[in-house]
Amino acid sequence: MIDLKTGIAEIEGVVMCPDSKLADFKKYDANLVDVDLWGEGWGIVMIKKWIRSNGVDASVKFQIDEGENSRQLIIEPTLINQSGMKLLDASKKWLKGMALGSYKETDNAIMGEYDWGYLIAHYVPDRDYGVVGGEIKIEYGR
């Protein structure tokens, strides 16, 4: 579950907090998480299996840069077995089953601002790729 009041996410027993450090993830089984270090205090923690919510599977990863004091949780639903569904719609459906607390939802976005950071999922125009986005991003810190 993702507690939007505190910013704490617990997914498959893996806990991500607004102040998590990469070292916090060493305690988890290597079959559950993959920790990819890019430098000292900088890297990605990825849950190795798809996380299902409301019938939608998603990949979940945490990006941490301790030097910049930034942390980001990225949830990217897969559209496999989701006939005709767009990525933002899959994100909305997935989040409804995982989030505790409130956020705004429109036809074109999911968003919320909190003391610990913010949540957003929306499409954005890209010069090279057209329209991109739709995945859920939870940014810790302000």
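Scope of this entry: the structure provided in the associated data block.

Thresholds applied
- Residues numbered from 1 in each chain as written.
- Predicted model: local features only at pLDDT ≥ 70, side-chain atom pairs only at ≥ 80, totals over all residues.
- Heavy atoms only, no water.
- Phe/Tyr/Trp six-rings, centres within 6.5 Å; stacked < 30°, edge-to-face > 60°.
- Helix = DSSP H or I, 4+ residues; strand = E, 2+ residues; numbered from the N terminus.
- Buried < 20%, exposed > 50% of the residue type's maximum accessible area, 1.4 Å probe, protein only.
- Salt bridge = Lys/Arg side-chain N within 4 Å of Asp/Glu carboxyl O.
- Lys, Arg positive; Asp, Glu negative; His and termini not counted.
- Polar contact = N/O pair within 3.5 Å; in protein donor to acceptor, adjacent residues only side chain to side chain.

## Description of the packing of aromatic side chains
Where two aromatic rings form a pair, the distance of their centres and the angle of their planes describe that pair. Considering all chains together, one arrives at five aromatic pairs under this definition. On the basis of an interplanar angle of 40 degrees and a centroid distance of 5.3 Å, the ring pair of W116 and Y140 is categorised as tilted. In this pair, W116 sits in the loop between β11 (109-114) and β12 (117-126) while Y140 sits in strand β14 (residues 136-140), placing the two residues 24 residues apart along the sequence. Accessibility expressed as a relative area gives 8% for W116, which makes it buried. Taken together, F25, Y28 and F62 form an aromatic cluster joined through their ring pairs.

## Description of unusual backbone geometry
Here E12, not a glycine, exhibits a phi torsion of approximately 55 degrees, which is positive. Along the chain, E12 turns up in the loop between β2 (9-11) and β3 (14-16). With relative accessibility at 42%, the residue E12 sits in the partly exposed group. Positive phi, normally seen in glycine, also occurs at N69, with a value near 55 degrees. We classify N69 as exposed; its relative accessible area is 55%.

## Some details on the pattern of salt bridges
Considering all chains together, one arrives at five salt bridges under this definition. For the salt bridge of D57 with R52, the shortest nitrogen-to-oxygen distance reads 2.9 Å. Ionic pairing is found between R127 and D128, a salt bridge with its closest N-O pair at 3.4 Å. Since its relative accessible area comes to 79%, R127 is described here as exposed.

## Description of the side chain of R71
Among the structural elements, R71 can be located in strand β8 (residues 70-77). Put simply, R71 is tucked away with no salt bridge, and the nearest opposite charge, on E66, sits 5.4 Å away. Only 2.5 Å separates the side chain of R71 from the backbone oxygen of S20, close enough to count as a polar contact. Within the local environment of R71, its side chain forms a polar contact with the side chain of N69, the two groups lying 2.9 Å apart.

On their own, these measurements won't tell you what the molecule is for.
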